[in-house]
Amino acid sequence: MFLMGSVIGLFSPLVCLIFHVLIYRLWRRSHQIPRQKLTVLVALCAMIFSLLLTWSITHSEVESLHGAIVSLLFGYTYFHWFNMSETARRVRVLVRYVALGLTPQDSARDAYTHDTVLNNRIPRLLETGTIKLVDGKYEIQRGPLLFATRLILFWRSLFYVD
Amino acid sequence: MLSLYFSALGQFFISLGAQILLWRAIRRADGVVPGQIMWLFLLFLAGPIVHFLFAPDLSRLILALGLGCVYIMSFPAAAAKSPTLLIIDLLDRHGALSKSELEKYLNADVSMVEDRLRDLKADGLVDTRAEKFRPSATGRLIGYVFWYYRRVLGLPLGEG
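Residues numbered from 1 in each chain as written. Chains lettered and ligands numbered in written order. Predicted model: local features only at pLDDT ≥ 70, side-chain atom pairs only at ≥ 80, totals over all residues.

> Even after reading the chapter, I still don't get the overall build of chain B, so can you show me in this structure?
From N to C terminus, chain B includes seven helices and zero strands. In chain B, the succession of α and β elements from N to C terminus is α-α-α-α-α-α-α. Taking 2.2 N^0.38 as the reference for a compact globule, 160 residues should give roughly 15 Å; the C-alpha atoms of chain B span a radius of gyration of 19 Å, well beyond that estimate. Here the C-alpha coordinates of chain B stretch approximately 55 × 45 × 40 Å along the principal axes. Each of the 160 residues in chain B was classed as buried or not, and the buried ones make up 31%. Considering only contacts within chain B whose residues lie at least 6 apart along the sequence, 47% involve residues at least 24 apart. (Helix = DSSP H or I, 4+ residues; strand = E, 2+ residues; numbered from the N terminus. Rg over C-alpha atoms; globule rule 2.2 N^0.38 Å. Buried ≥ 20, exposed ≤ 12 C-beta atoms within 10 Å, placed from the backbone. Contact = placed C-beta atoms within 7 Å.)

Right, here's the structure in full:
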């Protein structure tokens, strides 16, 4: 049941990667677009691609919808993968070691401070409209990221006691 | 179609329940769960595969793997107290804050390097026997995969 839609959806991360590489390599202005927004767009394009490809093969609305849902799951996985390459601290430590030969003792204690963390994240939070700068102070805005944060922190409390 | 989704979701929630019990059982006093990545893969990816061996249904397997991947990619952000989440949470709890006030709260909440090194060691991504920092073979592989990924996209290394 729904085998074709499932298999097409399964290949979404590969489709995302191809779209992503093509966009960055062929469209110079893409570097001016916030990277997270572009990655979401890439994942949505892969979902539409899966939907249309499943429809063109099976001519079944339900199976095409299923293909799109599976594609969305794997597209979301791709989005997180990209985010990890951007901001994950453990990944940063490993990549700096293999790419630059730097150990945390060489660089991270000096270079990776709370100031760095804020400088990297505040512009992204402003771009996505999650926070707003009012009279020199940052204010949280109601939206999906605030809801997601509350949900994740509740979820965390199931596993960890702070 | 609904039976397929109920079956995959059922599988997912069984893995989630097992994870909550396991985490509470093996969590160390400092909050670290040894082999966290391995356990996540076993529960959320190997679980559906084992289920598939007993009741072969490729569509259900792919759907369950998709749900598992979403979960595995989302969990570290919660487990490692992602700074982005902390910033949002601080602004949510304390109201409007300046950058210096945020920095002060972050100083109290997050250890930027030491906590991550501790997690890397607990996951077996760093050689714990070596005196100096040295990633294990798996740690180096992960580092190379992400490095090449950024190069393929033509982007600089992530800034953390």
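> Explanation requested: the overall build of chain A in the structure shown.
The helix and strand inventory of chain A stands at eight helices and two strands. The order of α-helices and β-strands along chain A, N terminus first, is α-α-α-α-α-α-α-β-β-α. What you see for chain A is a C-alpha radius of gyration of 19 Å, clearly larger than the 15 Å of a compact globule of 162 residues, by over 25%. For chain A, the residues scored as buried account for 38% of the 162 residues in total. For chain A, long-range pairs separated by at least 24 residues make up 60% of all intrachain contacts whose partners lie at least 6 apart in sequence.

> Which parts of the structure should I look at to understand the packing of helix α8 (residues 144–159) of chain A against helix α3 (residues 58–79) of chain B?
Angle between the axes and distance between the axes are the two parameters that describe a pair of packed helices. Relative orientation of the contacting elements α8 of chain A and α3 of chain B amounts to 80°, with a least axis distance of 9 Å. The angle between α8 of chain A and α3 of chain B places the two elements in the roughly perpendicular class. Contact residues: Ile 152, Trp 155 and Arg 156 of chain A in α8 of chain A; Ala 77, Ala 78 and Ala 79 of chain B in α3 of chain B. Of the residues in the contact of α8 of chain A with α3 of chain B, the class split is five nonpolar, no polar and one charged. (Axes fitted to C-alpha atoms, helices over the stretch in contact; angles between N-to-C directions. Parallel < 35°, antiparallel > 145°, perpendicular 65-115°, else oblique. Nonpolar A, V, L, I, M, F, W, Y, C, P; charged D, E, K, R; others polar.)

> Sorry, what's going on with the pairing of strand β1 (residues 131–134) of chain A here?
Across four bridges, β1 of chain A lies against strand β2 (residues 137–140) of chain A in antiparallel orientation. Counted as the bridge partner of Val 134 of chain A is Lys 137 of chain A from β2 of chain A. (Pairing = 2+ DSSP bridges.)

> Looking at this structure, I do not really get the domain arrangement of chain B. What am I missing?
It is common to give the size of an interface as the accessible area that goes away when the parts come together. What the domain assignment lists for chain B is domain 1 (1–79) and domain 2 (124–160). On a C-alpha basis, the centroid separation for the pair domain 1 of chain B and domain 2 of chain B is 25 Å. (Domains from an automatic or database assignment.)

> So what exactly am I meant to see when it comes to helix α1 (residues 2–26) of chain B here?
Every α-helix winds through 3.6 residues per turn, so residues three or four apart in the chain are directed the same way. Across its 25 residues, α1 of chain B extends 36 Å between first and last C-alpha, which sits within 8% of the 36 Å expected from 1.5 Å per residue. Elements that come into contact with the buried residues of α1 of chain B comprise α2 (36–54) and α3 of chain B. (Expected span 1.5 Å × (residues − 1).)

> Would you mind showing me how to read the domain arrangement of chain A here?
Partitioning chain A into structural domains gives domain 1 (3–89) and domain 2 (113–159). Placing the centre of domain 1 of chain A and that of domain 2 of chain A at their C-alpha centroids yields a distance of 25 Å.

> Help me understand helix α3 (residues 35–58) of chain A in this model?
Residue and element names in this part refer to chain A. The first and last C-alpha atoms of α3 sit 34 Å apart over 24 residues, in line with the 34 Å expected at 1.5 Å per residue. Buried within α3 we find Arg 35, Thr 39, Val 42, Ala 43, Ala 46, Met 47, Phe 49, Ser 50, Leu 51 and Thr 54. In the core, the buried residues of α3 are packed alongside α1 (3–10), α2 (12–26) and α4 (61–87).

> Help me understand the interface of chain A and chain B in this model?
Counting residues at the interface gives 63 residues for chain A, matched by 60 residues for chain B. In terms of residue count, the dominant contributor to the side of chain A that touches chain B is α4 of chain A (twelve residues).

> Before we go on, may I ask you to explain the environment of Met 84 of chain A in this structure?
Take Met 84 of chain A: it is sitting in helix α4. When the C-alpha positions of Met 84 of chain A and Lys 37 of chain A are compared, they lie 15 Å apart, and in sequence the two are 47 residues distant.

> Help me understand the pairing of β2 of chain A in this model?
Residues Tyr 138 and Ile 140 of chain A line the buried face of β2 of chain A, whereas the alternating positions Lys 137 and Glu 139 of chain A sit on a face that is not buried. Remark: two residues form the turn of the hairpin made by β1 of chain A and β2 of chain A, two consecutive strands paired antiparallel; Asp 135 of chain A in that turn has positive phi of roughly 50°.

> How do you make sense of the packing of α2 of chain A against α3 of chain A when you look at a structure like this?
Residue and element names in this part refer to chain A. Running from N to C, α2 and α3 cross one another at 125°; their axes reach a closest spacing of 9 Å. Relative to α3, α2 is oriented oblique. Viewed along their axes, α2 and α3 form a crossing whose handedness is right-handed. Where α2 abuts α3, its residues Ser 12, Val 15, Cys 16, Phe 19, His 20 and Ile 23 lie against Leu 38, Val 42, Ala 43, Cys 45, Ala 46, Phe 49 and Ser 50. Here the residues of the contact of α2 with α3 are counted per class, giving ten nonpolar, three polar and no charged. (Left-handed = near helix turned anticlockwise from the far one by under 90°.)

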